[in-house]
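If you want the building blocks of each chain, they are given just below.
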Amino acid sequence: MTELAKEAFASRNYGLAVEIYERCLKQQTPNFELLFGYGDSLARCGRISDSIDIYAKCLTLKNVPMERLRHLVGSLLEDLSDNCLRKRTINDYFSCSFCEGTLYQPVTVNCGHTFCRNCLESAKNCRVCGHKFDAVGEINVLVQRLVEKWWPREAEASRARHEGDLLLKEGHIGQALERYNLAVHLAPNSPLHLSNRAHALFLLNRPQASLTDADHAVRLRPDWGKGHYRRGLALSALGRHEEAIFALCTSVAIDKNSQNVRHELTRALHRALSPNLRRNNNAFILTPYNLVETTIRTKRNRHHLLLPLMNSHQRHRRATLNTSDCEDNSSGGEEEFTQIICRTPLSNMMPQDSAKLHASINRVYQEIEKLKRMELRPAEILLPPLSSGTTGELDCILCCRLLWNPVTTPCGHTYCWMCLDRCLDYSSSCPLCVTSLSDYLASSQKTVTDFVERALKIVAPKEFTSRASSHRHELVQGLGLLGCEEIAVFICTTSFPCVACPLFVYEPRYRLMVRRCVESGVRQFGIAACLNRDATGAKRYAEFGTMLEIRDRVLLKDGCSILSTIGGKRFRVLSGGEKDGYDTAQVEFIRDTPVQPNQVINILELHDKVQSKSRRWWDTVPLNQQSEIQRVFGRMPETEEDWLCLADGPSWTWWLLAILPLGPQLQIGILGTTSLEKRLRAIEKTLDHMEQRQFTVTSATSEETTTSTSICRDDDVINQNSVSLVQQS
């Protein structure tokens, strides 16, 4: 039966293991291993309270190493972690989210949150948003200046605490204590400084002083797990094991730091479940269940003398057992253990001292429910001063206005997002320290510095609102959106409705224009073909163009970008303008003239005829050329059911016009026509000439140079005939 119970336990069927052990206890003489296995099964089954009584009896009658309590400790920690109080980190204030104290040597990481530099040494992910850290940058100059100005005493105390932490790591405990004393003097109501000083005092073997600081830290902030952890260590060192268990379990329930607490909790449970110790003449006397165990320890050897009192006449029989703290020594004591088990009913074997442990654990769950109703706060609550005199500290050094969307570079300088981008359009270096920002540009992960933006909203709420309004006005004005028919124009090439148009943007003026399109949410601009320069040397652009919608944007390392766009509405330029270096234009949007009822049949026939001819020509294009065309422009669109009513007619016609060998003037002319019939006939005429040219090339027997010349001349014929066809009224 015992072997079956062990197999059930090994297979994690703890409920079955409990049932088998209970049968064994009823059917056979109990022994230590049987009873201890029963306790392990109860613990893993979730019956922690019942298992504590069994463990208490086992540890009363026999000395076992504390490692054998691993199942009890594991189950208790799992249950506490499931009831963990802190589900998320709250970052509503201006402290470091790792140490929760005043920022010392603040560093802003790539997600926009700011932490103490020392706190980032071992961290891999942001405590607030979970974002993975890149390389840690330099100290945030603006944040450090604000912290030192707004909270001078707290900042100096934080400096002393961090210096003490470094000294403690190097083993200079006395010097670290001096720095912690200074930190507590400067900020006496900070649980952080009290907790760190408690730790130093504990290491200096001053547990009572350590407990005093830990108690003060817990009173200041009862929902902080580290304070309870420091308190548990001090209580354990003072021999107050039940109280230590309560403090350590509360720490786990708050911070879910089970791995850090496991060893100390195991030690405290082992001592609490063992018989009460009374020191008498350098000996420990154990007196539960009419047992007196005298243990004499020497530096080299450990000898345990078990003196059981078996009856009311105090008959003593001495049994000497060789035991240690890290072994399970059952030889020599199993007979006495079995005799006591046999003489005492199981229901009457539970030690009274375990009641204290039950009370401590029950208090933990009561404390969890109490803390769940409390508002979670950081260790130090810091708020900027509400005075208009501090707004000057929050001005952008580039535009000399209040910061808007503040971003911090890896070199530690803070600017308006828009101002920094304008500078990086012309140089990839920091405007202040000339540090290269190439990697910063390539990451395309500029995020708003959370600390500075929240400070702006608190220190200067009216100015912040006004700055937001002016930024929005500048943005839409820069895109020409204040008038419904004023647009920004990208001078490059001719694009067509419903057709993809990939663009490489490298000029600073167009980088600015694209950024404004993306930031404003408009995500569209006009494009028109570039013509010859006019008499003043300025570039002229075509009268007709197309609106482009940004579908995707890939930012390159040097700040340039690749845009994936698709054509939209067509427009005609009425007048031109300029904004921050790029062109704008007053335009009118155009659409096809509706097809008259008496022309519908002719248009339908012409449409089907030209479409069939187009597909036959497409089938003659080599496969490698087809793949390249489809990679750039996509596949030929299917014919829409309502193509007669569309503003720009069937989309497949524009796709075909984009890949046919037409000259720039002809493309502009076709783009500007509002007659679907003219476009269809221009396509038909072009396909006829291409078919004739293909026949000529195939049947020609002349040399390659002659053939190439004829092809070039045929292209000119196509363009000339198509232009004349489009221009006909």
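Residues numbered from 1 in each chain as written. Predicted model: local features only at pLDDT ≥ 70, side-chain atom pairs only at ≥ 80, totals over all residues. Heavy atoms only, no water.

Novice: Please explain the overall build of the protein as it appears in this structure.
Specialist: Helices and strands together make up the secondary structure of the protein, namely 26 helices and 15 strands. Counting over 729 residues, the protein shows a buried share of 49%. For the protein, long-range pairs separated by at least 24 residues make up 62% of all intrachain contacts whose partners lie at least 6 apart in sequence. (Helix = DSSP H or I, 4+ residues; strand = E, 2+ residues; numbered from the N terminus. Buried < 20%, exposed > 50% of the residue type's maximum accessible area, 1.4 Å probe, protein only. Contact = heavy atoms within 4.5 Å.)

Novice: I tried to follow the environment of Leu120 on my own but got confused; where do I start?
Specialist: In this fold, Leu120 is placed in the loop between β2 (114-116) and α6 (141-150). Using a relative accessible area of 4% as the deciding quantity, one classes Leu120 as buried. Counting along the chain gives 13 residues from Leu120 to Val107, while the straight-line C-alpha distance between them is 8.6 Å. Apart from residues no more than four positions distant in its own chain, Leu120 is found in contact with Phe98, Val107, Val109, Phe115, Phe133 and Val136.

Novice: Would you mind going over the confidence of the model for the protein with me for this structure?
Specialist: For any part of a model where pLDDT is low, the fine detail of the predicted coordinates should not be relied upon. Put simply, the protein has an average pLDDT of 80, and 79% of its residues get 70 or more. Low pLDDT, under 50, characterises residues 342-350; the stretch is placed with 13 contacts to residues that sit more than four places away or in other chains. With pLDDT under 50 throughout, residues 701-718 is counted as low confidence; its partners more than four residues away or in other chains account for ten contacts. (pLDDT = per-residue confidence, 0-100.)

Novice: Sorry if this is basic, but what is going on with the packing of helix α16 (residues 417-424) against helix α20 (residues 508-520) here?
Specialist: When two helices pack together, their arrangement is given by the angle between the helix axes and by the axis-to-axis distance. With their axes 10 Å apart at the nearest point, α16 and α20 run at an angle of 155° to one another. Classified by the interaxial angle, the pair formed by α16 and α20 is roughly antiparallel. Seen from above, α16 lies across α20 with right-handed handedness. The segment α16 lies against α20, with Asp421, Arg422 and Leu424 engaging Arg511, Leu512, Arg515, Arg516 and Glu519. For the contact of α16 with α20, the class distribution of residues is two nonpolar, no polar and six charged. (Axes fitted to C-alpha atoms, helices over the stretch in contact; angles between N-to-C directions. Parallel < 35°, antiparallel > 145°, perpendicular 65-115°, else oblique. Left-handed = near helix turned anticlockwise from the far one by under 90°. Nonpolar A, V, L, I, M, F, W, Y, C, P; charged D, E, K, R; others polar.)

Novice: Explanation requested: a nonpolar patch on the surface in the structure shown.
Specialist: The grouping of Phe504, Tyr506, Val554 and Ile562 at the surface amounts to a nonpolar patch, some 380 Å² of accessible area in total. Its place among the elements puts Ile562 in strand β14 (residues 561-579). Overall, Ile562 belongs to the partly exposed group, its relative accessible area being 37%. (Patch = residues over 30% accessible without salt bridge, like charges linked within 9 Å, V, L, I, M, F, W, Y side chains within 5 Å. Areas by Shrake-Rupley, 256 points an atom, 1.4 Å probe, with all protein chains shown as cover. Salt bridge = Lys/Arg side-chain N within 4 Å of Asp/Glu carboxyl O.)

Novice: How should I be thinking about helix α15 (residues 354-372) in this particular structure?
Specialist: Owing to its 3.6 residues per turn, the α-helix aligns residues three or four sequence positions apart on the same side. With 19 residues, α15 extends 28 Å between its outermost C-alpha atoms, agreeing within 8% with the 27 Å of an ideal straight helix rising 1.5 Å per residue. Looking only at α15, the buried set comprises Ser354, Leu357, His358, Ser360, Ile361, Val364, Glu367, Ile368 and Leu371. In this structure, the buried residues of α15 make contact with α4 (48-61), α5 (70-82), α12 (241-255) and α13 (258-273). (Expected span 1.5 Å × (residues − 1).)

Novice: Hey, could you run me through the packing of aromatic side chains in this one?
Specialist: Aromatic ring pairs are defined here through the distance separating the ring centres and the angle between the ring planes. Enumeration over the complete set of coordinates arrives at 15 aromatic pairs. Between Phe36 and Tyr55, the ring centres sit 5.2 Å apart and the planes meet at 70°, which makes this aromatic pair edge-to-face. A residue pair is termed long-range when its members are at least 10 positions apart, and Phe36 in helix α3 (residues 32-44) and Tyr55 in helix α4 qualify at 19 residues. For the pair shown, Phe36 and Tyr55 are each scored as buried. (Phe/Tyr/Trp six-rings, centres within 6.5 Å; stacked < 30°, edge-to-face > 60°.)

Novice: Sorry, what's going on with unusual backbone geometry here?
Specialist: Leaving glycine out, the prevailing phi sign among residues is negative, and the prevailing peptide bond configuration is trans. Positive phi, normally seen in glycine, also occurs at Glu100, with a value near 65°. Along the chain, the position of Glu100 falls in the loop between α5 and β1 (106-108). With a relative accessible area of 9%, Glu100 lands in the buried category. In this structure, Arg523 is a non-glycine residue whose phi angle is positive, near 55°. Secondary-structure assignment places Arg523 in the loop between α20 and β12 (524-533).

Novice: How should I be thinking about the side chain of Asp213 in this particular structure?
Specialist: Structurally, Asp213 is set in helix α10 (residues 207-220). Not counting chain neighbours up to four residues away, the residues in contact with Asp213 comprise Leu194, Arg197, Ala198 and Leu201.

Novice: It is not clear to me how the nonpolar core should be interpreted in this structure. Could you clarify?
Specialist: Burial of nonpolar side chains together is a common tendency in soluble globular proteins. With 50 residues, the main nonpolar core has Ile245, Leu265, Leu269 and Leu273 as its most contacted residues. Put simply, the parts of the chain that give this core at least two residues each are α2 (14-27), α3, α4, α5, α11 (225-237), α12, α13 and α15. Ignoring sequence-local partners within four residues, the contact set of Leu269 consists of Leu69, Leu72, Val73, Leu76, Ile245 and Leu357. Of all hydrophobic cores here, the second largest spans 45 residues; its members include Val407, Leu437, Tyr440 and Val452. (Core = buried A, V, L, I, M, F, W, Y, C linked by side-chain atoms within 4.5 Å.)

Novice: Looking at this structure, I do not really get α6. What am I missing?
Specialist: Burial in α6 covers these residues: Leu142, Val143, Leu146, Val147 and Trp150. Relative to the axis of α6, the buried residues are bounded by an arc of 130° and lie together on one face. Of the surrounding elements, those touching the buried residues of α6 are β1, β2, α7 (152-169), β9 (414-416) and α18 (450-459). Among the residues of α6, the N-terminal cap falls to Asn140, whose side-chain oxygen and the backbone nitrogen of Leu142 are separated by 3.2 Å. (Arc of directions from axis to C-beta. Polar contact = N/O pair within 3.5 Å; in protein donor to acceptor, adjacent residues only side chain to side chain.)

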